[in-house]
Amino acid sequence: MSVGGQASHGAYFAAGAESDAVGAGGIELDNLVVAWRRAVVRENSAVAVATLEVAWAALRLRGPFRVGTELADLVRSMPRLETNSVGRLERVSGRALLAVGRVAEARGCFEISLDSARRVRDRPGEGRALCAVGSLHADEGRVDEAQAPQTAARARGRARRAR
């Protein structure tokens, strides 16, 4: 496939919504991973992170979860990762790590995701990161600690819908 064809292939899958990956029939995961790999080789971090998000939407339902951690690690190692992609990458990585039982590493990813979203003023990303942090606290039985991030995430969502 030509370089232009590879870029188009990646752009097509990167534009897919997470719901496309899990809806009726879903996206063919192998094809999505090919698009992701090509984006990594081309050092196109925006497409690599976007396809990672869509791939994780499918992987979280049927596994194997370790593939999510491996894909995220490879994206993280890209030499020119766009600043506005870091929060999204770390959130997916944290969810994948949580799915394979690596809770401490997941917590670190969620904290990086939250910090990154705040730095680039990505309010929806900040809300998703707050939800992830709160859910992790709740899963660990720390209900009082879970309440603050969950409340903040809901407030972000209400503010966004009010606009």
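Further up the page is the structure itself.
Residues numbered from 1 in each chain as written. Predicted model: local features only at pLDDT ≥ 70, side-chain atom pairs only at ≥ 80, totals over all residues. Heavy atoms only, no water.

Remarks on the pattern of salt bridges
Tallied over the full model, the rule gives 13 salt bridges. A salt bridge links Glu 43 to Arg 80, with the nearest nitrogen and oxygen atoms 2.4 Å apart. Highlighted residues: Glu 43 in the loop between helix H3 (29-41) and helix H4 (45-62) and Arg 80 in the loop between helix H5 (65-76) and helix H6 (83-99), separated in sequence by 37 residues. The class for Glu 43 is partly exposed, based on a relative accessible area of 33%. Judged by relative accessible area, which is 56%, Arg 80 ranks as exposed. Between Glu 70 and Arg 66 there is a salt bridge, with the nearest N and O atoms lying 3.3 Å from each other. Linking Glu 70 with Arg 66, this pair stays in helix H5, spanning 4 residues, or about one helical turn. In this structure Arg 66 comes out as partly exposed when scored by relative accessible area, which is 47%. When salt bridges with common partners are traced through the structure, they connect Arg 107, Glu 140, Arg 142 and Glu 145 into a single cluster. (Salt bridge = Lys/Arg side-chain N within 4 Å of Asp/Glu carboxyl O. Helix = DSSP H or I, 4+ residues; strand = E, 2+ residues; numbered from the N terminus. Buried < 20%, exposed > 50% of the residue type's maximum accessible area, 1.4 Å probe, protein only.)

Description of the nonpolar core
Most often, soluble globular proteins have nonpolar side chains that are buried together. Counting 22 residues, the largest nonpolar core has Leu 29, Trp 36, Leu 52, Leu 71 and Val 75 as the members making the most contacts within it. In terms of residues, this core owes the most to one element, H4, which gives 9 residues. When sequence neighbours within four positions are dropped, the list of residues in contact with Leu 52 reads Trp 36, Gly 68, Leu 71, Ala 72, Val 75, Leu 89 and Val 92. Within the second largest apolar cluster, 7 residues are counted, among which are Cys 109, Phe 110, Val 133 and Leu 136. (Core = buried A, V, L, I, M, F, W, Y, C linked by side-chain atoms within 4.5 Å. Contact = heavy atoms within 4.5 Å.)

Observations regarding unusual backbone geometry
Following Gly 63, the chain continues into Pro 64 via a peptide bond in cis, with omega recorded as -5°. Within the element layout of this structure, Pro 64 appears in the loop between H4 and H5. Positive phi values are uncommon outside glycine, yet Glu 43 reaches one of about 60°. Unusually for a residue other than glycine, Arg 121 sits at a positive phi of about 60°. Among the structural elements, Arg 121 can be located in the loop between helix H7 (103-119) and helix H8 (123-139).

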